[in-house]
Each structure stands twice: as structure tokens, then as C-alpha cells.
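The lines below spell out each chain.
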Amino acid sequence: MEYDERLSHFRQARLNPFDRGEEEDHPEGGKASHKHEATAELFHGTKTHSSDRTMDLGLAEDHFSRPVGSFVASDVEQLKQAIEECKKMILELPEHSERQKDTVVKLIHLRLKLQELKDPEEDEPNLRIILEHRFSKEKSKSVKQTCDKCSAIIWGLIQTWYTCTGCYYRCHSKCMNQITKACVRSKVSHQSEYELSICPEIGLDRQDYRCAECRAPISLRGVPSEARQCDYTGQYYCSTCHWNDTAIIPARVIHNWEFEPRKVCRSSMRYLTLMMPRPVLKLKEINPLLFNFVEELVEIRKLRHDILLMKPYFITCKEAMEARLLLQLQDRQHFVENDDMYSLQDLIDISTGRLSCSLTEIHTTFAKHIKLDCERCQARGFVCELCKEGDILFPFDSHTSVCHECSAVFHRDCYYDNSTTCPRCARMTDRQQDEGEEEK
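Report follows, based on the coordinates.

The rules behind these values
Residues numbered from 1 in each chain as written. Predicted model: local features only at pLDDT ≥ 70, side-chain atom pairs only at ≥ 80, totals over all residues. Heavy atoms only, no water. Helix = DSSP H or I, 4+ residues; strand = E, 2+ residues; numbered from the N terminus. Contact = heavy atoms within 4.5 Å. Areas by Shrake-Rupley, 256 points an atom, 1.4 Å probe, with all protein chains shown as cover. Pairing = 2+ DSSP bridges. Axes fitted to C-alpha atoms, helices over the stretch in contact; angles between N-to-C directions. Core = buried A, V, L, I, M, F, W, Y, C linked by side-chain atoms within 4.5 Å. Buried < 20%, exposed > 50% of the residue type's maximum accessible area, 1.4 Å probe, protein only. Patch = residues over 30% accessible without salt bridge, like charges linked within 9 Å, V, L, I, M, F, W, Y side chains within 5 Å. Salt bridge = Lys/Arg side-chain N within 4 Å of Asp/Glu carboxyl O. Phe/Tyr/Trp six-rings, centres within 6.5 Å; stacked < 30°, edge-to-face > 60°.

## Concerning the overall build of the protein
- Along the protein, the regular secondary structure elements total 18 helices and 14 strands.
- Sequence separation of at least 24 residues holds for 60% of the intrachain contacts in the protein that already meet a minimum separation of 6.
- Total accessible area computed for the protein in this model is approximately 26300 Å², and 49% of it derives from carbon and sulfur atoms.

Printed below as a string of C-alpha cells:
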């Protein structure tokens, strides 16, 4: 009650606790003296129990309502002036005092109110499409993000913001009409290929000393804006379009087997992130010599080749289809389609040894099903027709060779020691000749 009386007295005096201009203009006037006393009285005695201090901190009242006789900063200019006065008061008050803490709380409220006036909450649509971006309205209020357009912080508590569902471009609602860059997802869909030249620089003069994306003036001296080079495109960008993000460059991996992250612009960062799992690299055409120097690549190539040989067994096996064995490679679907296409993520996992471990384990599981667990798959094995000895052979066994014409399987030593043609191919040729003679 005592606090309410002091607050009522303060409001009736029609004072602004942050405005001391009149006090300076009338140092001897009774009004100024009365204002000073009212202000001091308002803040006096605030050091009370924590339950009472809740009201004093402004958590139980609305500082921005308009009661009769109170000061209200109703527009941007008045709020800015009140904020400046509040800053001065914080510096003048004793450090760590209750009055200083209360004034800091009031300063926070004033700044929030100013932000609300600058960016009023409107009834924004949940989905907006701009330059092939599909922007979805975000509901998160606590996660702090950065706007990709203006590089300012997105205050989710009081600002409306959107995220592109395709390339994860984030921006304020007020910045959306200023977007000039099309969605990277469309580029990935229509042009799924990497720049395979290492940092193909063309020079600032070819860019007319402007940012390659937003065309803002830039220079290496930092005037008017710093020029930052993207190691992927080789072009220069301003600090708004290039945040010094780092990424692994595909060209450096393919030509140098180098995985050190390099600085790239924001658009390249998003493009490389979306392209990372896509199998678009045909190493035996781009750099076939890489297999001579990277042993891990040879091992992975052999495992992938074996998995392709196992695939026909699983397609015709009811137990394998029910067990969904091939789904163990659902994250790398291209492994069951071919053995020569690689994604950038594949090459990264090969360099760390992660892919070798996981693929070896899957290879072992597949071989166990065919050779031990499933009688139907075992029945599709081969007997070496050259020596007619030994166990049942399978095309993915390490000690076997496969005829390129009829896919018959033999012991490797028997196949290379035999100078004659494949027995199965010979039988098939004779059968075709006999059928031709019967038709005549």
C-alpha cells in the first residue's frame, strides 16, 4: 500500500522520471524542486522483500498504458529520448543499487516498446513464395537467429520471421521484399553439378568492384565495404553476403584429396549443404588416378561392386524382402544402383574411415544371409565347372572370377589357368546352333 500511495502521488505530479531538462532550466524554481522530490520519493524505500519488489520492478503494472497524469512515450522519438535519459540515470545512480536495477528494468521495457513500434506485429500469412523460395512462418520465439538479408538478429519474441523450406534461408518479415537471390534448391534440382576448378578467381575488376550477389560496392581495403572471397566460386562478396562460413570444397577433394574447410559465401554454403548427399561425382572420369593413391577408395569400390552382385539374390528372395535388407543402405541409395558415382558426403566419410566400417558391416550381413541363413539363396550358388571341386561359389567371393559373357562363377586360379573358352558359354553356343539346325 505504501508503494501504491507513492506511485499515485508521482503520477498526479505529471512528471517524467527520465526528463531532467526542466530541472536544469529552473534550478531555483519550486516546480523543479517538487519534481525532484517526487522522483526521489518514488524510488525511495524500494529495498524491500522479494515478493514486494516484484511490483516495484514493473512486472505487475503496465508502464505503457495511458493513465491520467502519467508520462507516456507514445511515438518513436519520445521513446528514443526516454531511453537516452534512462541510460544517463543508470550511469549516475550508485552501482549495484536497487534504484539502478529498477532503472535497468525500465530501460529494457522502453527498448521493447520501441522495437514494437518499429516492427509492429501484423497478421502475416503462414506461407509466402518469393523467387522460388517457399517461406514458412516460424513460431519459435526463444531461438535467436540471424537474418540472411540484413545480417541483424531476429528477435523471435517481438518480430515475425520466415524460413525457406527448400534452402533454409531465414529473414525478417520486413526484409522479404528486398530478397534478390533465387532459392538454391531450384539450382540443385536443375543443375546438379559442382564447380570442379579450384577457386576460379576472376578478379575484382571483372566484377566492377561490386559484390557478386547484391552488387554493393566493395574493395580489398575495406572501403566502403570489405571484399571477401568465396573459395568455391572464386568471386568476391560483401560482408552481408559473406559471413566467413567454412565448408569443404569438392574441387579440392577430387584433385588434392584435401578436406580442410575454406571460407565461402552464404549462397555457396547453402548450395554445398544441399548438394552434399547427392551422388554426382564420377571419380573414374574426373580423376581416375585418385584410386592409385587412396587405398580406401579401392576398398570401397570393391565392397560396392560386391553389393551390386548380391542385389539379384535379395530381389528374388522372399525372406530378404520381408527382412528389408536393402533398406540398410537407404541413406546411400546409389550404392545399390551403381558402383562409380559418389557424393561429397561419401568422400568425407571415406577419409574419416566411417564409411569403410559401416559398409563392411553391411557387406558381412548380406553375405551371411546368402551363404548361411537362406537355403533359397544358397541354391543359386555355382560349382566350378573347370575343376568341379570345392564348395559352392558366389560371384562376390574374393577367390572367384566371373565370366563376363554368361556370369558363370569359377575359382580364380582355375579361370586364369584355363586357356579354353568358358564351358557354360560353349554349351550355350552349341545349344543355339542345334536349335538353328532344327528350325531349318
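## A word on the sheet that holds strand β1 (residues 127-130)
- Pairing is antiparallel across the open sheet formed by four strands, whose spatial order is β1-β2-β5-β6. Of all strands in the sheet, those with a lone pairing partner are β1 and β6 (170-172), marking the two edges. When the angles between neighbouring strand axes are averaged without regard to direction, this sheet yields 30°.
- Pairing of β1 with strand β2 (residues 133-137) involves four bridges; the strand directions are antiparallel. Its bridge partner being in β2, I130 is matched across the sheet by H133.

## Some details on the nonpolar core
- With 73 residues, the main nonpolar core has F135, L297 and L347 as its most contacted residues.
- Setting aside residues up to four positions removed in sequence, L297 forms contacts with W257, L283, L290, F291, Y342, L347 and I350.
- Counting residues in each nonpolar core, the second largest holds nine residues, with L393, C403, V409 and C422 among its members.

## Looking at a nonpolar patch on the surface
- Taken together, V104, I108 and L112 make up a surface patch of nonpolar side chains, about 220 Å² in accessible area.
- By the element assignment, L112 lies in helix α6 (residues 98-118).
- Classification of L112 as partly exposed rests on a relative accessible area of 35%.

## So, the packing of aromatic side chains
- Evaluated as defined, the whole model comprises seven aromatic pairs.
- Taking 4.8 Å as the distance between ring centres and 70° as the angle between the ring planes, the aromatic pair formed by F314 and F366 counts as edge-to-face. One end of the pair, F314, is in helix α12 (residues 295-315); the other, F366, is in helix α15 (residues 354-373), with 52 residues separating them in the sequence. Considered together, F314 and F366 belong to a single accessibility category, that of buried residues.

## A closer look at the pairing of β2
- Count of turn residues in the β1/β2 antiparallel hairpin: two residues, of which L131 carries a positive phi of about 50°.
- Bridge count between β2 and strand β5 (residues 161-164): three bridges; the pairing is antiparallel. Bridging from a neighbouring strand, F135 pairs with C164 of β5.

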